[in-house]
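# A closer look at the structure
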Amino acid sequence: MRGHGPGGHRLLRPVAAHRDQPTKDWHFIGMAVVSVLALVQLVIGIVALARGDKPDQGTTIFVAYLLGAFACVPAAGFMSLAERTRWGSVTVAAGGIVLAGLEGRLYDIWGG
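Only a predicted model underlies this, so the values are computations on that prediction, with no experimental measurement involved.

In this section: the packing of aromatic side chains. Under the counting rule described, the total for this entry stands at 1 aromatic pair. With a centroid separation of 4.9 Å and an interplanar angle of 50°, the aromatic rings of F62 and W110 are classed as tilted. One end of the pair, F62, is in helix α3 (residues 59-82); the other, W110, is in helix α4 (residues 86-110), and 48 residues separate them in sequence. Judged by its relative accessible area of 6%, F62 is buried.

The next point concerns α4. Its 25 residues place the ends of α4 37 Å apart at the C-alpha level, agreeing with the 36 Å of an ideal helix rising 1.5 Å per residue. Along α4, the residues classified as buried are G88, S89, V92, A93, G95, L99, L102, L106 and I109. After α4 finishes, the residue G111 shows a positive phi value of roughly 110°.

A few words now on the pattern of salt bridges. Across all of its chains, the model carries 1 salt bridge by this definition. Put simply, D53 and R51 hold a salt bridge, and the shortest N to O gap is 3.8 Å. You can call D53 partly exposed: its relative accessible area is 30%. The exposed category is assigned to R51, whose relative accessible area is 64%.

What counts as what
Residues numbered from 1 in each chain as written. Predicted model: local features only at pLDDT ≥ 70, side-chain atom pairs only at ≥ 80, totals over all residues. Heavy atoms only, no water. Phe/Tyr/Trp six-rings, centres within 6.5 Å; stacked < 30°, edge-to-face > 60°. Helix = DSSP H or I, 4+ residues; strand = E, 2+ residues; numbered from the N terminus. Buried < 20%, exposed > 50% of the residue type's maximum accessible area, 1.4 Å probe, protein only. Expected span 1.5 Å × (residues − 1). Salt bridge = Lys/Arg side-chain N within 4 Å of Asp/Glu carboxyl O.

The structure is reproduced here in structure tokens:
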């Protein structure tokens, strides 16, 4: 499974769970990359709000979703550390699905 980029590893987490494998180091590296991207998104969103840009559905809900998107993957990672069985991999995969939903909702809130 070497050679897969950050996008590829997300698709392989359910495979790891199916193979009864715990979360591996490369999963955590991928989660770190995604977490940094979520931090960049958080900063860009706050800067946009500070410049006077306004989301269509309200600033409070937008900031709440930004914070949720930022915290989602690290929270899944910490939970997978506590569960060192295949269910840790399932937890990480579920965190990725939740993040995708939060990102879609952020797009809608901003007026996309």
